[in-house]
Amino acid sequence: MVRPGLYVAVGVGSAVGALLRFSCSLLLMTPGTALPIATLLVNIAGSFWIGCYVSLTGPDGRWQVSDWQKQFMLSGVCAGFTTFSVFSLEFMQLLQAGQVLLASAYVVLSLLLWLLACLAGLTLGTRANRLRSSN
């Protein structure tokens, strides 16, 4: 059974993630470029962070977090921050503009970089878990 606090955690986390994503989009906006760099970079960062967070909070992780903290970050912040729907729209807009090669490159580059970022986050988190605490 889901506790009401988890809904609140996910909702607040989603709002935080969406605001972070909007802020990053404004900062990373590159008018005049055909490739949607802001979405690409936000999703790389989100993929890296989700991989790192899952490693650090897993059963062998350095950080012990509650269910609501994990849901706040994963289902809330990360889901609100990354934007597959915007990625899909930008891909379709490139296709509609007749830029098939650029649209294809965007999909391949995005998926490759997002997966590599997630792997890097998982690897970094796993290595951090192995470090001895200085305490």
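Note that the coordinates shown come from a computational prediction; the quantities given were computed from them, not determined experimentally. (Residues numbered from 1 in each chain as written. Predicted model: local features only at pLDDT ≥ 70, side-chain atom pairs only at ≥ 80, totals over all residues. Heavy atoms only, no water.)

## Overview of the overall build of the protein
Turning to step 1, where the next piece is worked out: Scanning the protein for helices and strands turns up five helices and zero strands.
Turning to step 2, where the next piece is worked out: Mapped from its N terminus to its C terminus, the protein presents α and β elements in the order α-α-α-α-α.
Turning to step 3, where the next piece is worked out: Seen through its principal axes, the protein has C-alpha atoms that stretch 55 × 35 × 30 Å.
Turning to step 4, where the next piece is worked out: Taking all 135 residues of the protein together, 31% fall into the buried category.
Turning to step 5, where the next piece is worked out: For the protein, long-range pairs separated by at least 24 residues make up 74% of all intrachain contacts whose partners lie at least 6 apart in sequence. (Helix = DSSP H or I, 4+ residues; strand = E, 2+ residues; numbered from the N terminus. Buried < 20%, exposed > 50% of the residue type's maximum accessible area, 1.4 Å probe, protein only. Contact = heavy atoms within 4.5 Å.)

## Looking at helix α1 (residues 4-28)
The periodicity of an α-helix, 3.6 residues per turn, causes residues three or four places apart in sequence to face the same way.
Turning to step 1, where the next piece is worked out: Along its 25 residues, α1 runs 36 Å from first to last C-alpha, staying within 8% of the 36 Å computed at 1.5 Å per residue.
Turning to step 2, where the next piece is worked out: Listed in full, the buried residues belonging to α1 are Leu 6, Ala 9, Gly 13, Gly 17, Arg 21 and Ser 25.
Turning to step 3, where the next piece is worked out: Against α2 (37-57), α3 (67-81) and α4 (84-96) lie the buried residues of α1. (Expected span 1.5 Å × (residues − 1).)

## A few points about the pattern of salt bridges
Turning to step 1, where the next piece is worked out: In the structure shown here, the tally under the stated rule is one salt bridge.
Turning to step 2, where the next piece is worked out: Where Asp 67 meets Arg 3, a salt bridge forms, and the shortest distance between an N and an O atom there is 3.5 Å. Here Arg 3 lies in the segment before α1 and Asp 67 lies in helix α3, a separation of 64 residues in the sequence.
Turning to step 3, where the next piece is worked out: According to the relative accessible area criterion, Arg 3 is partly exposed, its value standing at 47%. (Salt bridge = Lys/Arg side-chain N within 4 Å of Asp/Glu carboxyl O.)

## Observations regarding the confidence of the model for the protein
Turning to step 1, where the next piece is worked out: When pLDDT is averaged along the protein, the result is 90, and 96% of the positions lie at 70 or above.
Turning to step 2, where the next piece is worked out: Summarising per-element confidence for the protein, the mean pLDDT is lowest in α4 (86) and highest in helix α5 (residues 100-130) (95). (pLDDT = per-residue confidence, 0-100.)

## Thoughts on the environment of Cys 78
Turning to step 1, where the next piece is worked out: Examined against the element boundaries, Cys 78 turns out to sit in helix α3.
Turning to step 2, where the next piece is worked out: In this structure Cys 78 comes out as buried when scored by relative accessible area, which is 4%.
Turning to step 3, where the next piece is worked out: Between the C-alpha atoms of Cys 78 and Ala 97, which are 19 residues apart in sequence, the distance is 30 Å.
Turning to step 4, where the next piece is worked out: Dropping the residues within four chain positions of it, Cys 78 is found in contact with Trp 49, Ile 50 and Met 73.

## A look at the nonpolar core
Turning to step 1, where the next piece is worked out: If you look at the biggest cluster of nonpolar residues, it comprises seven residues: Leu 35, Leu 40, Phe 87, Leu 94, Ala 103, Tyr 106 and Trp 114.
Turning to step 2, where the next piece is worked out: Put simply, the parts of the chain that give this core at least two residues each are α4 and α5.
Turning to step 3, where the next piece is worked out: By residue number, the principal contributor to this core is α5, which donates three residues.
Turning to step 4, where the next piece is worked out: In this view, Phe 87 contacts Thr 39, Asn 43, Tyr 106, Val 107, Ser 110 and Trp 114; residues no more than four positions away in its chain are not counted. (Core = buried A, V, L, I, M, F, W, Y, C linked by side-chain atoms within 4.5 Å.)

## Digging into a nonpolar patch on the surface
Turning to step 1, where the next piece is worked out: Taken together, the side chains of Val 8, Val 12, Val 16 and Leu 20 define a hydrophobic patch exposed on the protein surface, amounting to about 310 Å² of accessible area.
Turning to step 2, where the next piece is worked out: By the secondary structure assignment, Val 8 is in helix α1. (Patch = residues over 30% accessible without salt bridge, like charges linked within 9 Å, V, L, I, M, F, W, Y side chains within 5 Å. Areas by Shrake-Rupley, 256 points an atom, 1.4 Å probe, with all protein chains shown as cover.)

## Notes on the packing of aromatic side chains
Turning to step 1, where the next piece is worked out: A full pass over the atoms with the stated rule returns six aromatic pairs.
Turning to step 2, where the next piece is worked out: With 5.6 Å between their ring centres and 50 degrees between their planes, Trp 49 and Tyr 53 make a pair best called tilted. With a gap of four residues between them, Trp 49 and Tyr 53 both fall in helix α2, about one helical turn apart.
Turning to step 3, where the next piece is worked out: Taken together, Phe 84, Phe 87, Tyr 106 and Trp 114 form an aromatic cluster joined through their ring pairs. (Phe/Tyr/Trp six-rings, centres within 6.5 Å; stacked < 30°, edge-to-face > 60°.)

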